[in-house]
Amino acid sequence: MSDSASDAVSFLPLGNAPQSSAISLYARATAGFDARLDETRALLREAHAEFGDALLQSSSLGAEDMVITALLAELQLPVAVATLDTGRLHAETLALIPQIRTQYGIEVQVFTPVADAVVQFVKTRGENAMYESLALRKECCGIRKLEPLSRMLAGRSAWITGLRREQSANRAEVPFSEPDGQGRTKLNPLAAWSWADVWHFIQTRGVPYNALHDQFMPSIGCAPCTRAIAVGEDFRAGRWWWEDENAKECGLHKAKSNEDLKSGATA
């Protein structure tokens, strides 16, 4: 993790001060922000010009993805926005879908796992099997995330994510554009942004965000797999906190074959 990433989480206050907010904790103007913002705007315009209707924003509804959605609306780029509802998301996460519709006039497409597959997994493995082993956690991610993602991206030539280099050591080399291993282009227009940049944009543009960010959850996934972080912990320490650091990916951002995605296999 970069020094700036560590700094982004190290100034969390001790205790949950009731008046604290993610904006007051994280937002600050940093050198070069305007240039990074202009670069991101240019990347989004170029992506739409190149891919047109075959371009999609895959949104986790996290802070970064809310910034991207806001920029698409600002630039009046008619790019489809979609998200995954795994069936285990926090209510605060799902609440952003109507907020996006109200604020930006954008209908978020929602993709859900195959109901029978979820029922069978819970029946045979248990509702909280993800805590029992890495293999079971990845099997759960495969059913609830990877298979729906394959349907989300069907017929698309390119997709936009909110990945940033600062998020974790595993993402430190994230490029602005890369092949996804399945014949599509994956675009990461915020790759060079800092956590402070993300929140400065949210603050100055009035971007809606997940209320759980105010409860010291910088990285938010499914409810059973997300907790608040403590002072000095890494950005993604609250995700799958019971696992080894190197295992902390669900597979959405690792190159896979189409057959892997259809079967729900994970890396």
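In this report, the structure presented in the accompanying data block is examined. Quick caveat, the model's predicted, so the values are computed rather than measured. (Residues numbered from 1 in each chain as written. Predicted model: local features only at pLDDT ≥ 70, side-chain atom pairs only at ≥ 80, totals over all residues. Heavy atoms only, no water.)

Formed by 42 residues in total, the largest nonpolar core has its most connected members in Leu55, Val67, Trp193, Val198, Trp199, Phe201 and Ile202. Among the secondary structure elements, those contributing two or more residues to this core are helix H2 (22-26), helix H3 (33-51), helix H4 (63-74), helix H6 (96-104), strand S4 (158-160) and helix H9 (195-205). Ranked by the residues each element gives to this core, the list is headed by H4, at seven residues. Ignoring anything within four residues of it in the chain, the contact list for Ile202 reads Ile23, Ala63, Val67, Val207 and Tyr209. The next biggest cluster of nonpolar side chains, apart from the first, holds ten residues, and it includes Val118, Met130, Cys140 and Trp240. (Core = buried A, V, L, I, M, F, W, Y, C linked by side-chain atoms within 4.5 Å. Buried < 20%, exposed > 50% of the residue type's maximum accessible area, 1.4 Å probe, protein only. Helix = DSSP H or I, 4+ residues; strand = E, 2+ residues; numbered from the N terminus. Contact = heavy atoms within 4.5 Å.)

Attention now goes to unusual backbone geometry. Of note, Phe216 is a non-glycine position whose phi angle comes to about 65°, a positive value. For Phe216, the location among the structural elements is in the loop between H9 and helix H10 (258-263). A residue is classified by how much of its surface remains accessible, and Phe216, at 4% relative accessible area, is buried. Even without a glycine there, the phi angle at Trp240 is positive, about 45°. Tracing the backbone through its elements, the reader meets Trp240 in the loop between H9 and H10. Residue classification places Trp240 among the buried residues on the basis of a relative accessible area of 1%.

With that settled, consider the packing of helix H7 (residues 115-125) against helix H8 (residues 134-152). Viewed as axis vectors pointing N to C, H7 and H8 meet at an angle of 160°, and their least axial separation amounts to 10 Å. In terms of orientation, H7 and H8 fall into the roughly antiparallel class. Crossing hand, H7 versus H8: left-handed. Counted together, Ala117, Val118, Phe121, Val122 and Arg125 of H7 and Leu136, Glu139, Cys140, Ile143 and Arg144 of H8 form the full contact between these two elements. Per-class residue counts for the contact of H7 with H8 are seven nonpolar, no polar and three charged. (Axes fitted to C-alpha atoms, helices over the stretch in contact; angles between N-to-C directions. Parallel < 35°, antiparallel > 145°, perpendicular 65-115°, else oblique. Left-handed = near helix turned anticlockwise from the far one by under 90°. Nonpolar A, V, L, I, M, F, W, Y, C, P; charged D, E, K, R; others polar.)

With that out of the way, let us pick up the packing of aromatic side chains. Considering all chains together, one arrives at ten aromatic pairs under this definition. Seen from their ring centres, Trp195 and Phe235 are 4.7 Å apart, and the 85° between their planes marks the pair as edge-to-face. Taken together, the residues Trp195 in helix H9 and Phe235 in the loop between H9 and H10 connect sequence positions 40 residues apart. The ring of Phe235 carries Arg164 above its face, with NZ or CZ at 5.4 Å from the centroid. Against the face of Trp240 rests Arg239, its NZ or CZ located 4.7 Å from the ring centre. (Phe/Tyr/Trp six-rings, centres within 6.5 Å; stacked < 30°, edge-to-face > 60°. Lys NZ or Arg CZ within 6 Å of the ring centre and 35° of its normal.)

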